[in-house]
Structures are given as C-alpha cells and as structure tokens.
Amino acid sequence: MGRPTGRRGLAVRVRARARGRAAAHGRRARAHPPPGARTVAWDRGWRREARSAWCFGLGLTGVLLGADAARSTLDWPRGCCWLVLGGTLLLVLRPARVSAGEDWLAVRGLLRERRVRTDRLTRLRRLDGVSARLVLRDAAGVRIEVDPEVLCANPLLWHRLETGARRSREQGSLHEGAGVLTALAERIDVDGARRIFEVSGLE
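A short tour of the structure in this document, coming up. Computed from a prediction, not measured in an experiment: that's the story for all the values here. (Residues numbered from 1 in each chain as written. Predicted model: local features only at pLDDT ≥ 70, side-chain atom pairs only at ≥ 80, totals over all residues. Heavy atoms only, no water.)

Concerning the overall build of the protein
Okay, so step 1: Along the protein, the regular secondary structure elements total six helices and seven strands.
Okay, so step 2: Starting at the N terminus and walking to the C terminus, you meet the elements of the protein as α-β-α-α-β-β-β-β-β-β-α-α-α.
Okay, so step 3: Counting only residues that meet the buried cut, the protein has 31% of its 203 residues in that class. (Helix = DSSP H or I, 4+ residues; strand = E, 2+ residues; numbered from the N terminus. Buried < 20%, exposed > 50% of the residue type's maximum accessible area, 1.4 Å probe, protein only.)

Focus: unusual backbone geometry
Okay, so step 1: A positive phi angle is found at serine 72, which is not glycine, with a value near 60 degrees.
Okay, so step 2: Its relative accessible area of 68% is what places serine 72 among the exposed residues.
Okay, so step 3: For aspartate 103, which is not a glycine, the phi torsion comes out positive at approximately 70 degrees.
Okay, so step 4: Along the chain, aspartate 103 turns up in the loop between strand 2 (97-101) and strand 3 (104-108).
Okay, so step 5: Residue classification places aspartate 103 among the buried residues on the basis of a relative accessible area of 12%.

A closer look at helix 5 (residues 155-171)
Okay, so step 1: If you check helix 5, its first and last C-alpha atoms are 24 Å apart, about what 17 residues at 1.5 Å a residue would give, namely 24 Å.
Okay, so step 2: Two residues or fewer after helix 5 comes glycine 172, characterised by a positive phi angle close to 85 degrees. (Expected span 1.5 Å × (residues − 1).)

Here's the deal with the environment of threonine 163
Okay, so step 1: Mapped onto the elements of the fold, threonine 163 is located in helix 5.
Okay, so step 2: Measuring from C-alpha to C-alpha, the distance between threonine 163 and glutamate 102 comes to 9.2 Å, with 61 residues separating the pair along the chain.
Okay, so step 3: Looking at threonine 163, its side chain comes within polar contact range of the main-chain oxygen of histidine 159, at 2.8 Å. (Polar contact = N/O pair within 3.5 Å; in protein donor to acceptor, adjacent residues only side chain to side chain.)

Describing helix 3 (residues 76-93)
Okay, so step 1: With 18 residues, helix 3 should reach 26 Å at 1.5 Å per residue; the first-to-last C-alpha distance of 26 Å fits that figure.
Okay, so step 2: Among all positions of helix 3, only Gly79, Trp82, Gly86 and Leu90 are buried. Within helix 3, the buried residues cover an arc of 80 degrees as seen down the axis, which keeps them to one side. Those residues of helix 3 that are exposed and angled more than 90 degrees off the buried face are Pro77, Val84, Leu91 and Val92.
Okay, so step 3: Its side-chain oxygen 3.0 Å from the backbone nitrogen of arginine 78, aspartate 75 forms the N-cap of helix 3. (Arc of directions from axis to C-beta.)

Some thoughts on the packing of aromatic side chains
Okay, so step 1: Under the criterion given, the structure shown has zero aromatic pairs.
Okay, so step 2: The ring of tryptophan 46 has arginine 97 lying over it, and the distance from NZ or CZ to the ring centre is 4.5 Å.
Okay, so step 3: Here arginine 115 stacks its cationic end above the ring of tryptophan 104, 3.8 Å away from the centre of that ring. (Phe/Tyr/Trp six-rings, centres within 6.5 Å; stacked < 30°, edge-to-face > 60°. Lys NZ or Arg CZ within 6 Å of the ring centre and 35° of its normal.)

Geometric values such as these leave the question of function open.
This is the structure:
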C-alpha cells in the first residue's frame, strides 16, 4: 500500500506528529511529576506581622504630617516626603509570606512569588547576620530565602520542608546543607518540648 499523498497524507502526518508529541510529553510528565498545587501549610503569624507593618508605616506618616500641620509648615513637597518615608518603612517591615504544599515551598514578596521543589533541593545554607536566613536552591536553579524563625513557629511548614529534603537526600540531589537541616531540626524539637513544658506547667 502506497504512502498517502495530498491533503489526506498531510492530515495523517500531522495527527501522527501530534500523537508523538503528546506521548513524549506524557513520558516527561511521568518522569518529572509537577508538585501538588494545593497549599497545605502557611505562616500563621504573617497576617499579624503584616498588620503591624501597616500600622507602623501609617502611624509614622500620620505623626509627621500632623506635626507639620500643627506648625503650619505642611506643603506638597514635605507631604510627599513623609508619604515616601512611611511607605519605605512599610516595605522594610512587611514580611514575606511563606507557604508550602506537596514537595514545594514558596515565598511571596511584594511583587512576585518564588517556589522551590523541596524534593529536588541541591543546596541549603544558613546565612547569619542581623537577620538569619535559610537559603534554598533546587535543581531548576530557583532560589528562595526563608526566615528560620518562621519554620520554628510553624511546625507544618517545617514538616513539608523536612519531608521534601529527605527525598532530595535519598535521590542524591542535595549536595550541601544536611548539617543545617539537622541543627534546625534539633532546635525545633527543643522549642517544641519547651512549649509543652510551659503549657503543662512543668517548667
């Protein structure tokens, strides 16, 4: 039987190519399944801290505007300057929002969200300074920074990160950071035990 020609042959080749692409996409999807999109854990203290940031920013702006108005020195340039100062304070104090799901951890800033695959972590480091940060990088090159205090205060977030990092170690993708995870796990265990003692009145 000869090879189809004309429009019919073109249609057959297009359908065969589409089926081949779909099959290849299915194989890639099975080999690298996407993380679950449903959020199962988040920073429970974020709303309170964000509300405090708004209060400080608006409070500072109000005090400066009020002081200028009381001295009759308020004008457009000074008013804009105080608004910018209050907005800057808000941006500095407003915390990033941390959330997690099946095999992912995300940090949402003011403009965008960055998400790493916790089951494909390649590097995990702790940066100490004025404010300690936990730096995570996955196999796709995505990098996020998380406040360790957020993980200590939210056991569900920590559980999602620890579970994914364990899979990364088992798969051999995590080349740096096992000691950081161990130290953080020990601290979270100690903090959890202390809270239990405080609630039970044993301390």
